[in-house]
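# Fold and contact review
As a plain string of letters, each chain reads:
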Amino acid sequence: MSAATEKVHQMEDYQQDEKVLGENVAVGVTETAQKDMGKVAIIISFMAVVLLVVFFYGLNQNLTSLTAEVKDLQAVRGEVEALNSQMDVVDGRLVELEKLPLKTRHIIMDGIIEEMNQKAAYVGAQLGEEEQAKLAKVQELLKDVQSGLQK
């Protein structure tokens, strides 16, 4: 009986086959790993592109809203300037209103002095020359006071 005809295998055959088989497995694993790493690299690059698109879209939206806010701010600035000019007008009118009581008093006093002048002229027509001269001085003083109030 020979070992070749009988189904008997020797250990040396398996030991040599294991070395070749181990090398073949290592080469197979390396090739498979390279293919898998290529797939992973493609997936990662695709995800990076998707993230860039999302970030770009978000940034674009932020810039659009920022531009709208800047335009609104410019409009508000124009309105504030218009309000400032209106406030200047109102302040000027307020100053004039504050002066009104003084002007009113001057107008009333001017009327009273005018009345006194007319009464002095009437009384002067009834008096003698000496008294008329004194009354003329009084009328002159009243006219001076009246002109001072009109300023």
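Remember, it's a predicted structure, so these values are computed and weren't measured experimentally.

## A closer look at the overall build of the protein
- Of regular secondary structure, the protein possesses two helices and zero strands.
- Within the protein, buried positions represent 7% of all 151 residues.
- Total accessible area computed for the protein in this model is approximately 13500 Å², and 64% of it derives from carbon and sulfur atoms.

## Thoughts on the pattern of salt bridges
- In total, this model carries one salt bridge according to the counting rule given.
- A salt bridge links E115 to K119; the shortest N-O distance between them is 3.2 Å. You can see E115 and its partner K119 sitting in helix 1 (residues 11-126), four residues apart, about one turn around the helix.
- Taking relative accessible area as the criterion, E115 reaches 41% and is therefore assigned partly exposed.

## Here we look at the side chain of D110
- On the secondary structure map, D110 appears in helix 1.
- K143 provides the closest opposite charge to the buried, salt-bridge-free D110, at an N-O distance of 11 Å.
- For D110, the residues in contact, after removing those within four places along its chain, are Q146, L149 and Q150.

## Description of a nonpolar patch on the surface
- Taken together, the side chains of I43, F46, M47, V50, L51, V54 and F55 present a nonpolar region at the surface, about 720 Å² in accessible area.
- Relative to the elements of secondary structure, F55 occurs in helix 1.

## Observations regarding the side chain of Q146
- Position of Q146 relative to the elements: it lies in helix 2 (residues 129-150).
- What makes Q146 buried here is its relative accessible area of 10%.
- A polar contact of 3.1 Å, which involves the side chain of Q146, links it to the side chain of E114.
- Those residues in contact with Q146 that lie beyond four places of it in its chain are D110, I113, E114 and N117.

## Concerning the environment of A120
- Locating A120 in the fold gives a position in helix 1.
- On the basis of relative accessible area, A120 is assigned to the buried category, the value being 11%.
- Ignoring sequence-local partners within four residues, the contact set of A120 consists of L135 and Q139.

Rules and cut-offs
- Residues numbered from 1 in each chain as written.
- Predicted model: local features only at pLDDT ≥ 70, side-chain atom pairs only at ≥ 80, totals over all residues.
- Heavy atoms only, no water.
- Helix = DSSP H or I, 4+ residues; strand = E, 2+ residues; numbered from the N terminus.
- Buried < 20%, exposed > 50% of the residue type's maximum accessible area, 1.4 Å probe, protein only.
- Areas by Shrake-Rupley, 256 points an atom, 1.4 Å probe, with all protein chains shown as cover.
- Salt bridge = Lys/Arg side-chain N within 4 Å of Asp/Glu carboxyl O.
- Lys, Arg positive; Asp, Glu negative; His and termini not counted.
- Contact = heavy atoms within 4.5 Å.
- Patch = residues over 30% accessible without salt bridge, like charges linked within 9 Å, V, L, I, M, F, W, Y side chains within 5 Å.
- Polar contact = N/O pair within 3.5 Å; in protein donor to acceptor, adjacent residues only side chain to side chain.

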